[in-house]
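The chain contents come next:
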Amino acid sequence: MAEKQPACSLCSPLMLLHALLPSFCCAVLGTALWKLWSLYAHVFHNRLRALPGPPSPSLLFGWAWQFWSTDPTELHEEWVRIFGRTIHYRILSNVCLFTMDTKALAHILARDEVYQKPTLVRTFIAQMLGNGILLTEDEQHRRQKRVVNPAFGPVQIREFTDLFLNKASQLRDILSLEVTQHRGVAQLDLYDWIHRMTLDVIGEAAFSYNVGTLDMEDKPNELCDAFRLVSQSVTRMSWYPMLRFFFPILRILPEEQSRRFAKAHAVTSNFARQLVEDKKRELAENGHAKQDRRKRGDFLTLVVEANMGSSLTEGEQLSTQTIIDECTTFLSAGHETTAITLSWFMYSIASYPRIQEKLRRELLGIPTEHPTMEQLSSLRYLDNVLREVVRLYPAIPSSLRMAIDDDHLPLGEPVYIDGVPHDRIWVPKGTPIVIPILAINRDKALWGEDASEFRPERWNALPEAVSTIPGIWANNLTFMGGQHACLGFRFSLNQVKVAVFTLLRAFEFALAVPPEDVGKSATLLVRPMQLSDPERGPQLPMLVRPYTVPE
C-alpha cells in the first residue's frame, strides 16, 4: 500500500505566513509609533517653524500627497508670493525648508558634504538606475567621478557629431516615408520616434551597440520595451506607491509599479553586465592598445580603460557592479532626458510658427547637410531657442537635498522672524530642502515679468539678476550646479541641435491636437502627454509636412 504524502509540504507556506504575520504587524505598528513620535519631536521642537509658511492640509501627511501626485512648482510659487522667498512646510514628520534665495541655493549646491540626496530618494531611483554616479555621495561619488568624467570632455562629445547626424538622418527618412504614405501630411506620435532615436544614439555612443529601434521592421526590442514599460507605469500617481516611498517597510509587499521597475532594471542591468564583461575581456586581450576612436568606441571603453589604468590605485578602482550601474545610469538617464528636451523643443516651435520659420531660415543658411559642431555652435538663434526650451521645460522640475549635519545657511535676502531681519538661518540635521529648478528658471524676480513666456530673444540681453543662479549652463538650474551637476549636458545639447538642424530643414511641424490638450506628466521626469488620453502614457501628437522653399 502506497504511503500518503505528508500534508505539511502543502501547508508549510501557510504556516510560515502565520508565524511571520505577528512580527510583520509589530514592525508596522512600531514604525507607525516611531513616526508619531518623530512627528511630535520634529514638528513641535524644530526651529525652522519660526519661518513663515503654509498650514498643513493633513495632520498626518502634511503636504505629502500634493507633492507626490503633482508638480509642486505652482504651489511653491504661490507660497512665495504669500509668505516670502524662504519658507517652511511639513511633509509627514519632516519640517521642510524651501528657498528661492540664490545665495542660499549656491551654498547648498556647493557644500555637498552637508547637503546630500535623501536615502529615501536614492533607494527609490536606484530601483530604475542602479547606484550610479547620480546617487552616490562623499568619497564614493568622487571616486566614480574621477573615472567617469573623462568620457564627457568637450573633445569626446564633439566626436559624436557624425553619430548624431546619422541617427537624425535616419529619423528624417522615416518621417519622409510616413509623409509620402499619408499623401503629404502625416499624423504621428513624435515623442515615440524621438525616444527611439535617442535610445539608438545612446546604444552606439555608450557601448558601440546597435539597439535598432529605428529599424523599419517592427521587430520585438526588449530594451526599448523595458523603457516604455517604465515611462507608461508612472503616468499616474496613486496612494500606495507614495506610502511605499515614505515607509520603506511596505516595500516587502510588491505592487504593479515596483514590479515594472524591477523588470525593466533587470533587462538594462543584464544588458550592461554582458557588455561590461565583453569590454573588459577585449581590452585585456588587446593590452589597452590605443586604437581609432570609433573602434575604441564609446563611453564604456573610456570608463573601463580609465578604471584599469595605472593612474588609479586598487582602492580607487571601481568594482564591476559599479561600472554596470554607471552604464545603466547613462543608458537610462542619457536617452530619456535628451528625448524629453527634444520633444519639448518640437512642441515649442510647433506652438509658435513664427519662431519655427525664423529658426528654419537660420538653419538653411548652413550650405551643407553635414555641419560641424562649430558651425552649429555659431547659430545664434538656434542657441537662443534651445536655452529657452531648457529653461522652461527642465526634465526634472525640482530636486531634493537633506542636511546630514547642522549648518548656518546664508541668505541674500533677509527673512523676517517676529519682525527681526535675519541674513542667515539655522538648518538642523535631517532637514529636507527643496531645490526649485523650474521655479527659479521662471522666477519673475530674476527674469522679469515675462518670465513664464517662451521668448528666445530674451537671451540677447539678460537681466543682471540671473547671473546669481548657481547653474552649470545658461543661467538656469536645469543641469544643476556644484559637484553633482549633470556630467552629460554637452552630449544632450549637441544631440538636440543636430536633430533640430536635420528635421527642421526637411519638414514643417504643427500640433495635431489643441495646445491646451498637451500637458506635463506629474512624474519624476516631466514628459509631454495628451491630457484627453492619459492612458496611452507619454506622447506628442504632431502633424508633419514636407518643407518646400517658397518661390
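Residues numbered from 1 in each chain as written. Predicted model: local features only at pLDDT ≥ 70, side-chain atom pairs only at ≥ 80, totals over all residues. Heavy atoms only, no water.

### Focus on helix 16 (residues 353-364)
- For helix 16, spanning 12 residues, the distance from its first C-alpha to its last is 16 Å, which sits close to the expected 16 Å at 1.5 Å a residue.
- Taken together, the buried positions of helix 16 are Ile355, Gln356, Leu359, Arg360 and Leu363. Projection of helix 16 onto a plane perpendicular to its axis shows the buried side chains occupying an angular sector of 130 degrees, all on one side. Exposed side of helix 16, more than 90 degrees from the buried face: Arg354 and Arg361 are the residues found there.
- Its buried side turned inward, helix 16 meets helix 15 (320-351), helix 18 (380-392), helix 21 (489-504) and strand 9 (507-511). (Helix = DSSP H or I, 4+ residues; strand = E, 2+ residues; numbered from the N terminus. Expected span 1.5 Å × (residues − 1). Buried < 20%, exposed > 50% of the residue type's maximum accessible area, 1.4 Å probe, protein only. Arc of directions from axis to C-beta. Contact = heavy atoms within 4.5 Å.)

### Some remarks on the packing of aromatic side chains
- Considering all chains together, one arrives at 19 aromatic pairs under this definition.
- An angle of 15 degrees between the planes, with centres 5.6 Å apart, marks the rings of Tyr352 and Phe454 as stacked. Of this pair, Tyr352 sits in the loop between helix 15 and helix 16 while Phe454 sits in the loop between helix 20 (444-447) and helix 21; the two residues are 102 residues apart in sequence, bridging distant segments of the chain.
- By way of ring pairs, the aromatic residues Phe152, Phe160, Phe164, Phe330 and Phe491 are connected into one cluster.
- Stacked on the ring of Trp193, the Lys or Arg Arg196 has its end atom at 4.9 Å from the ring centre. (Phe/Tyr/Trp six-rings, centres within 6.5 Å; stacked < 30°, edge-to-face > 60°. Lys NZ or Arg CZ within 6 Å of the ring centre and 35° of its normal.)

### Looking at the sheet that holds strand 5 (residues 399-403)
- Taken in spatial order, the 5 strands of this open sheet run 1-2-8-5-3, and their pairing is mixed. This sheet does not close on itself; its edge strands, each paired only once, are strand 1 (86-91) and strand 3 (115-116).
- Across 4 bridges, strand 5 lies against strand 8 (residues 432-435) in antiparallel orientation. The residue of strand 8 that forms the bridge with Met402 is Pro432.
- Set on the sheet, helix 3 (residues 73-83) makes contact with strand 1, strand 2 (94-99) and strand 8; between it and strand 1 the angle comes to about 130 degrees. (Pairing = 2+ DSSP bridges. Axes fitted to C-alpha atoms, helices over the stretch in contact; angles between N-to-C directions.)

### A word on the pairing of strand 1
- For strand 1, the tally of buried residues reaches 6 of 6 residues, placing the bulk of the element in the interior.
- Every second residue of strand 1 is oriented toward a common face, with Thr86, His88 and Arg90 on one face and Ile87, Tyr89 and Ile91 on the other, all of them buried.
- Following strand 1, the chain reverses through 2 residues before pairing antiparallel with strand 2; Leu92 in that reversal takes a positive phi of roughly 55 degrees.

### A closer look at the confidence of the model for the protein chain
- Scored by pLDDT, the protein chain comes out at a mean of 85, with 84% of its residues at no less than 70.
- Low pLDDT, under 50, characterises residues 1-10; the predicted model gives this stretch 0 contacts beyond four residues in sequence or across chains.
- Note on residues 289-296: pLDDT is under 50 here. Beyond four places in sequence and across chains, it has 17 contacts. (pLDDT = per-residue confidence, 0-100.)

### A look at helix 4 (residues 102-110)
- Buried within helix 4 are the following residues: Thr102, Ala104, Leu105, His107, Ile108 and Leu109.
- Here helix 4 starts with a cap whose side-chain oxygen sits 3.0 Å from the backbone nitrogen of Lys103, and that cap is Asp101. (Polar contact = N/O pair within 3.5 Å; in protein donor to acceptor, adjacent residues only side chain to side chain.)

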